[in-house]
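Observations on the model geometry
As a plain string of letters, each chain reads:
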Amino acid sequence: MHSSTDDILALDALEQAALLARREVSCAELMGATLERIARVNGRVNAIVSLRDEAELMDEARAADDTPRRGWMHGLPVAVKDLANAAGLPTSMGSPLFAGQVAATDDLMVARMRAAGAIFIGKTNTPEFGLGSHTFNPVHGATGNAYDPTRSAGGSSGGAAVALACGMLAVADGSDMMGSLRNPAGWNNVYGFRPSWGRVPEAAEGETFLHSLSTSGPMARAPRDLAALLSVQAGPEPRRPFGLPREAFLEGLGGDVSGRRIGWLGDWGGAYAMEPGILALCESALAEFAALGVAVESVPPPFPATDLWRAWLDLRAFANANRLAPLYDDPAKRARLKPAAIWEIETGRQLTLDAVQQASLIRSRWYARAAELFEQFDALVLPTAQVWPFDIGIVHPEAIGAQTMDTYHRWMEVVIPASLIGLPALAVPAGFGAEGLPMGMQLIGRHGDDRGLLQLADAWHRASNWPGRRPPPMP
């Protein structure tokens, strides 16, 4: 039985969709294969949570077989990251405060996926409130790495990345403030795309101008699937500011990328401590980019890393303090918040107006400096993480080599140059380290050039195909 179902589940999402459209495979057959894979694999890694009843899902799949196709995702099983609302499914956010809370409506991005025909089977695991790049929480437990379940899956889209790597999903949504689409992709040998800020809007609720650090985006085993899902997720919400227009993201994929230029930022001139082997692996991967005719050049630190970190700490805490304030202000709920959440809120509440203004000035200067770099380069490159996947029982790394980590998230500092100014950043697999664990690279582009990054990533995938070459071991 495994051979036929494994063949279907090894296909990329667009390939699965094409089989469904031609009725060579039924939605019910794909759902059955997916649920069989989840039953066989998910117990090892705990990537998918709040899984719906099998009979209900099979009924929904059979109904999809009997109705006109609604979009390219028609009949595809999808699990939604457990920070987003999907009507009828629990949204725990990994917090005991919300465990069992069932969403009445879809979030905007989820509604767009449903309208394209996706069948929502459950949720993917995430850290509590998405804080920290290691997926564990007191509601659903920890998610294990696809290549070694005793190691971290990364986060906060850790459940999504592992489900993709293990073939339990062909495409997935995620979100990213501080690497949450990029680190888990790198650590699980898949692709994760933080699009330009404004590309994938949220609903027009509450304050919509000040906090521009986080965005939703797609994850997949192939860049073409990233492009296809982004085409569903993206598009302006007229009641929200700063929205970007719709684009045909699949256009131009499969073409020649020779002549494009990449700037390698490495460890930012020594500012970002790295565990051994990470830089060497990425540099080896960049040599393969050069074989595609892409010019690769080392770039000295373009901006003071200490300034970026200061601005990031303040603007992130400013955003999180406002987002989580209602929970903190209720003493009973505050007692059930994770320490990182309390630290974020208290840090944010201590900020002065001048501190917020100075942080925004640093952000503004860095955006202008980055724009100058993109006059020379089509993409800038950094590793997706500064450490290899660590023991699943560790809360966060306390040091990298001799450098002590002074916050719970300092070990992910390498992702903030893109996050701080809303640049698109696409995580591609870079290969494997000495212990057989994956690592990725961030391709960072100018704001709005999401399609250009997808074209580079697609060329890389056609040349390397790490997800196909080295899938994780299956029970």
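You'll find the structure just up there.
Notes on the structure follow.

Cut-offs used in this document
Residues numbered from 1 in each chain as written. Predicted model: local features only at pLDDT ≥ 70, side-chain atom pairs only at ≥ 80, totals over all residues. Heavy atoms only, no water. Helix = DSSP H or I, 4+ residues; strand = E, 2+ residues; numbered from the N terminus. Rg over C-alpha atoms; globule rule 2.2 N^0.38 Å. Buried < 20%, exposed > 50% of the residue type's maximum accessible area, 1.4 Å probe, protein only. Contact = heavy atoms within 4.5 Å. Areas by Shrake-Rupley, 256 points an atom, 1.4 Å probe, with all protein chains shown as cover. Lys, Arg positive; Asp, Glu negative; His and termini not counted. Charge placed at Lys NZ, Arg CZ, Asp CG, Glu CD. Pairing = 2+ DSSP bridges. Expected span 1.5 Å × (residues − 1). 1 Å grid on protein atoms, 1.4 Å probe; cavity = no way out; pocket = protein on both sides within 12 Å on 5 of 7 lines; lining within 4 Å. Points joined across faces, edges and corners; volume = space filled by probe spheres on them. Nonpolar A, V, L, I, M, F, W, Y, C, P; charged D, E, K, R; others polar. Phe/Tyr/Trp six-rings, centres within 6.5 Å; stacked < 30°, edge-to-face > 60°. Lys NZ or Arg CZ within 6 Å of the ring centre and 35° of its normal. Axes fitted to C-alpha atoms, helices over the stretch in contact; angles between N-to-C directions. Parallel < 35°, antiparallel > 145°, perpendicular 65-115°, else oblique. Left-handed = near helix turned anticlockwise from the far one by under 90°.

**Looking at the overall build of the protein chain**
Along the protein chain, the regular secondary structure elements total 16 helices and 15 strands. In terms of C-alpha radius of gyration, the protein chain reaches 21 Å, essentially the compact-globule figure of 23 Å for 475 residues. With the C-alpha coordinates aligned to their principal axes, the bounding extent of the protein chain is approximately 60 × 60 × 45 Å. Going through the 475 residues of the protein chain one by one, you find that 60% of them count as buried. Counted over contacts in the protein chain with a minimum sequence separation of 6, partners at least 24 positions apart contribute 77%. Accessible surface computed for the protein chain: about 17,200 Å², of which carbon and sulfur atoms make up 53%. Side chains of the protein chain give 41 positive and 52 negative charges; the mean places of these two sets differ by 2 Å.

**Here we look at the sheet that holds strand E3 (residues 119-124)**
The three strands are arranged E1-E3-E2 in an open sheet whose pairing can be described as mixed. The open sheet is flanked by strand E1 (48-49) and strand E2 (77-81), the only strands paired with a single partner. Examined bridge by bridge, E2 and E3 share five bridges and lie parallel to one another. Directly across from Pro 77, in E3, lies its bridge partner Ile 119.

**Observations regarding helix H13 (residues 353-373)**
The end-to-end C-alpha distance of H13, which contains 21 residues, comes to 31 Å, matching closely the 30 Å that a straight helix rising 1.5 Å per residue would cover. Summarising the contacts, the buried residues of H13 are in contact with helix H10 (305-328), strand E11 (379-383) and helix H14 (416-420).

**Digging into empty space enclosed by the protein**
For the structure on display, the rule yields one cavity of 30 Å³ or more. Size it by volume and the largest cavity reaches roughly 40 Å³. The wall of the largest cavity is formed by Leu 9, Gln 16, Leu 30, Thr 34, Pro 77, Gly 167, Met 168, Leu 169 and Ala 170. Looking at the lining of the largest cavity, its residues break down into six nonpolar, three polar and no charged.

**Some details on the pairing of strand E8 (residues 215-220)**
Of all the six residues making up E8, six are buried; the element is thus mostly covered by neighbouring parts of the structure. The pairing of strand E6 (residues 171-176) with E8 spans six bridges and is classified as antiparallel. Pairing of Val 171 across the sheet is with Ala 220, part of E8. Relative to E8, strand E7 (residues 191-194) runs antiparallel, the two sharing two bridges. Counterpart to Tyr 191 in the pairing with E8 is Ala 220.

**Quick notes on the packing of aromatic side chains**
The geometry of an aromatic ring pair is captured by the separation of the ring centres together with the interplanar angle, meaning the angle of the planes. Counting across every chain of the model gives 13 aromatic pairs. Centre to centre, the rings of Trp 197 and Phe 242 are 5.9 Å apart; their planes meet at 50 degrees, and the pair counts as tilted. Taken as a pair, Trp 197 in the loop between E7 and E8 and Phe 242 in the loop between helix H8 (223-233) and strand E9 (261-264) lie far apart in primary sequence, 45 residues in all. Seen from their ring centres, Phe 390 and Trp 411 are 5.3 Å apart, and the 80 degrees between their planes marks the pair as edge-to-face. Pair noted here: Phe 390 is in the loop between E11 and strand E12 (399-400) and Trp 411 is in the loop between strand E13 (403-404) and H14, with a separation of 21 residues, a long-range link. A cation sits over an aromatic face here: Arg 334 above Tyr 328, 4.1 Å from the ring centre.

**Digging into the sheet that holds strand E10 (residues 295-298)**
The mixed open sheet is built from eight strands, whose spatial order is E6-E8-E7-E14-E15-E11-E9-E10. Looking along the sheet, the strands with just one partner apiece sit at the ends: E6 and E10. Put simply, the sheet's adjacent strands are angled 30 degrees from each other on average, direction ignored. Taken together, the three bridges between E9 and E11 define a ladder with parallel strand orientation. Residue pairing for E11: Trp 264 is matched across the bridge by Val 381. Its contacts with the sheet place H8 against E6, E7, E8 and strand E14 (425-432), and it is angled at close to 145 degrees to E8.

**A short note on the pairing of strand E15 (residues 438-444)**
Every other side chain in a regular strand lies on the same face of the sheet, so the side chains alternate between the two faces. Most of E15 is tucked away: seven of the seven residues are buried. Where burial is concerned, the two faces of E15 agree: the one with Pro 438, Gly 440, Gln 442 and Ile 444 and the one with Met 439, Met 441 and Leu 443 are both buried. Strand direction decides the pairing type here: E11 and E15, joined by four bridges, are antiparallel. Considered in E15, the bridge of Val 381 is made with Leu 443.

**Observations regarding unusual backbone geometry**
Phi is mostly negative for residues that are not glycine, and the peptide bonds are mostly trans. With an omega dihedral of 10 degrees, the bond running from Gly 155 to Ser 156 counts as a cis peptide bond. Tracing the backbone shows Ser 156 in the loop between strand E5 (141-142) and helix H6 (158-165). Of note in the backbone geometry, Ser 50 takes a positive phi value of approximately 55 degrees without being a glycine. Here Ser 50 is to be found in the loop between E1 and helix H4 (54-65).

**Some thoughts on the packing of helix H3 (residues 27-45) against H4**
Axis separation between H3 and H4 bottoms out at 7 Å; the angle between their running directions is 155 degrees. By the angle class used here, H3 and H4 are roughly antiparallel. When the axes of H3 and H4 are compared, the crossing they make is right-handed. Contacts from Cys 27, Ala 28, Met 31, Gly 32 and Leu 35 of H3 reach H4 at Glu 54, Leu 57, Met 58, Ala 61, Arg 62, Ala 64 and Asp 65. Residues belonging to the contact of H3 with H4 are distributed by class as follows: eight nonpolar, one polar and three charged.

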